[in-house]
Amino acid sequence: HLAVVESAGIFDTSHMACVTAAGDDALALLQYCHTRDLTTLKNGKCVYGAILNNKGHVIDDAIVYRFNKTDYMICVNAGMGGAVAEQLTTHKGKFSVEIKDLSEKLGKMDIQGKNSARILAKLLENPEAVFEKMPYFSFKGHFDENSSFASQVRLKDKTPVLLSRSGYTGEFGFEIFIAPEAIVKLWNDILKAGEEFNIIACGLGARDSLRAGSVLPLSHQDIGAWTFFNHPWMFALSLNEEGTGFTKDFIGKDALTRLLPGEEDSSCAQFTYAFAGDNLRKVGAGVETEVLDKDGNNIGTVLTCATDMAIGWYKNKILSIASPDLPEDFKAKGISCGFVKVNKKLDLDAKLVLKEKKRKINVTIVNDVRPDRTARKKISNFF
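For every chain, the first residue of the written sequence is number 1, and numbering continues from 1 along that sequence. With pLDDT at 70 or above as the cut-off, local features in this predicted model cover only qualifying residues; side-chain atom pairs require 80 or more to be listed or tallied, and sums for whole chains, interfaces and linings still use all residues. Neither water nor hydrogens contribute to the side-chain values; these are computed over all heavy atoms in the structure.

**Looking at the layout of surface pockets**
Counted only if it meets this: Definitions used throughout: a 1 Å grid over protein atoms alone; a cavity as a set of points that fits a 1.4 Å probe which cannot get out; a pocket as an open set with protein on both sides within 12 Å along at least five of seven lines; a lining residue as one with an atom within 4 Å of a point. Grid points are joined across faces, edges and corners, and a volume is the space filled by probe spheres set on the points. Working definition: helices are DSSP H or I runs of at least four residues, strands are E runs of at least two. Numbering for both runs from the N terminus. The classification used treats Ala, Val, Leu, Ile, Met, Phe, Trp, Tyr, Cys and Pro as nonpolar, Asp, Glu, Lys and Arg as charged, and all other residues, Gly among them, as polar.
Considered as a void within the structure, the largest pocket measures approximately 730 Å³ in volume. Per-element tally for the lining of the largest pocket: the top contributor is strand E3 (residues 46-52), with three residues. In the lining of the largest pocket, the residues fall into 18 nonpolar, eight polar and seven charged. Of the volumes computed, that of the second largest pocket is approximately 340 Å³. Considering the residues around the second largest pocket, the lining is formed by 18 residues, among which Phe229, Asn230, Met234, Phe271 and Lys345 are closest to the centre. Looking at side-chain class alone, the lining of the second largest pocket contains 10 nonpolar, five polar and three charged residues.

**Here we look at the nonpolar core**
Convention followed: Side-chain atoms within 4.5 Å are what join buried Ala, Val, Leu, Ile, Met, Phe, Trp, Tyr and Cys residues into a set we call a nonpolar core. Accessible area is worked out with a 1.4 Å probe on protein chains only. A residue is then buried under 20% of its type maximum, exposed over 50%, and partly exposed in between. We call two residues contacting when some pair of their heavy atoms lies within 4.5 Å.
Counting residues in each nonpolar core, the largest one holds 46 residues, and the members touching the most others are Tyr65, Met73, Leu162, Phe177, Phe228 and Leu256. Aside from chain neighbours lying at most four places away, what touches phenylalanine 177 is Cys18, Tyr65, Met73, Cys75, Leu106, Gly107, Lys108, Phe149, Val161, Leu162 and Ser164. One finds Met134, Leu155, Ile176 and Ile183 within the second-largest nonpolar core, a separate group that totals 30 residues.

**Structural notes on the sheet that holds strand E4 (residues 58-68)**
In a beta sheet, neighbouring strands pair by backbone hydrogen bonds and run either parallel or antiparallel. Our working definition: Criterion used throughout: strands pair if DSSP finds at least two bridges between them. The angle between two axes is taken between their N-to-C directions and runs from 0 to 180 degrees, where each axis is a line fitted to C-alpha atoms and a helix contributes only its stretch in contact.
Reading across from one edge, E3-E4-E5-E2-E6 is the order of the five strands in this open sheet, with antiparallel pairing throughout. What marks the edges here is a single partner per strand, and that holds for E3 and strand E6 (98-101). Ignoring strand direction, the axes of neighbouring strands in this sheet form an average angle of 25°. Where E3 meets E4, seven bridges bridge the pair, whose relative direction is antiparallel. Residue pairing across strands places cysteine 46 opposite tyrosine 65, the latter belonging to E4. Packed on one face of the sheet, helix H2 (residues 26-33) meets strand E2 (17-22), E3, E4, strand E5 (71-76) and E6 and runs near 30° to E5. Against the sheet, helix H3 (residues 81-90) engages E2, E3, E4, E5 and E6, with an angle of about 170° to E6.

**Section: the side chain of histidine 34**
Among the structural elements, histidine 34 can be located in the loop between H2 and E3. Among the residues examined, histidine 34 registers a relative accessible area of 2% and is labelled buried. Excluding anything up to four places from it in sequence, histidine 34 contacts Val47, Tyr48, Gly49, Ala50, Ile51, Ala62, Val64, Lys248 and Phe250.

**Description of the pairing of strand E7 (residues 107-112)**
Where burial is concerned, most of E7 is hidden: six out of the six residues are buried. Relative to E7, strand E1 (residues 9-12) runs antiparallel, the two sharing four bridges. Its bridge partner being in E7, isoleucine 10 is matched across the sheet by isoleucine 111. Of the strand pairs in this sheet, E7 and strand E10 (residues 173-178) are connected by six bridges, and their pairing is antiparallel. The residue of E10 that forms the bridge with glycine 107 is isoleucine 178.

**Observations regarding the pattern of salt bridges**
Just so we agree on the cut-off: Any Lys or Arg side-chain nitrogen located within 4 Å of an Asp or Glu carboxyl oxygen qualifies as a salt bridge.
One pass over the full model with this rule turns up 12 salt bridges. In this structure, the salt-bridge partner of aspartate 110 is lysine 108, at a minimum N-O distance of 2.9 Å. Per residue, the accessibility class of aspartate 110 equals that of lysine 108, and both read buried. In this structure, aspartate 222 and arginine 211 form a salt bridge, with 2.5 Å as the shortest nitrogen-oxygen distance. Of this pair, aspartate 222 sits in the loop between helix H7 (204-213) and helix H8 (253-257) while arginine 211 sits in helix H7, placing them 11 residues apart in sequence.

**Observations regarding the packing of aromatic side chains**
Our working rule: Two rings belonging to Phe, Tyr or Trp (six-membered ring only in the last case) form a pair when the distance between their centres is within 6.5 Å. Interplanar angles under 30 degrees mark stacking, angles over 60 mark edge-to-face geometry, and anything in between is tilted. Comment: the charge-over-ring label is applied if NZ (Lys) or CZ (Arg) is within 6 Å of the ring centre and within 35 degrees of the ring normal.
Throughout the structure, instances matching the rule amount to 13 aromatic pairs. Look at tyrosine 65 and phenylalanine 177: their rings are 5.9 Å apart centre to centre, the planes differ by 85°, and that puts the pair in the edge-to-face class. Linking tyrosine 65 in strand E4 with phenylalanine 177 in strand E10, this pair joins segments that are 112 residues apart in sequence. By relative accessible area, tyrosine 65 is classed as buried at 1%. A relative accessible area of 0% means that phenylalanine 177 is categorised as buried. Where phenylalanine 271 meets tyrosine 273, the ring centres are 6.5 Å apart and the plane angle is 15°; that geometry is what we call stacked. Here the two residues phenylalanine 271 and tyrosine 273 agree in accessibility, since each one is buried. One aromatic cluster is present, built from ring pairs that chain together Phe131, Phe172, Phe174, Phe382 and Phe383. Across from the ring centre of tryptophan 226, 4.6 Å away, lies the NZ or CZ of lysine 341, which sits over that ring.

Quick look at the structure:
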């Protein structure tokens, strides 16, 4: 966790799955099956959203990559390639689209942290050209019609890769898609190239704490078999500017419409909020942990509770070890953070108690946790 915030770390994410959609009607099909409006998505850009069922529940969250107007890739979570491919195929109808599940056919690893570009530059054939005009949620590289790599991004040993910037840690970095037989060599090469930057291999525990501190959801834990609404990720929906309706039709829209302003259906209203604790102490997630309001009423459950060790409280404000101009007496002691799902609307800064058996921690509802994250910053800041 600290390596990623301070320098760089690598993650094995080959458990992630990818599905391709190719054909004249690929956009139309994805537009109907994904929550984001994809009509403005340009070549070489990607976007985060979700794939829902008719109840408005999450089948999986998914990043859609646009290669060109007829070719797309959908990156989903471990074991979900088949389910997402089935959802797309079920609703294909007369659309002219070919769906391919690439599960277990791709290697994937992520390099995250402010020194990621400097390390990766040692291994890329033409790093200056690759990094030029590569903003957050963009990518370079693609697959051909046989789902083989046909990429303008290559390593110095000529191995083609697909390189993207859509990381899940909240920090600057890259995701690398590569042929499975080439990933072990790349992993070892990156560790060697990153020695001077103290790069280390990171596990999914660090992924979990980094993404919680970045207020990012974990599918099937923070989003899942309940209505995908009233949460910190409303940007993942195709809402109009007023937030009173949707700009397109999509699977699950009718269920979500019942929760729009003026049409609220209290019988299915649930609210997900991010929280920050008073210190690093945490509780377990799940139905056995209670969420108590100021009157001691149990109002919900804890979805995620992790500890971000890169942050600390300072005079009623959260600071990060990456924050500029840190006070000399500041020390990052760690703060628990995560998400709760409750049965009533809460105000920002509302105080709650999370109770797991005899263990209790005090938390505050927040709209952000770890400050001064680097994911959205320009590559020129780091290369």
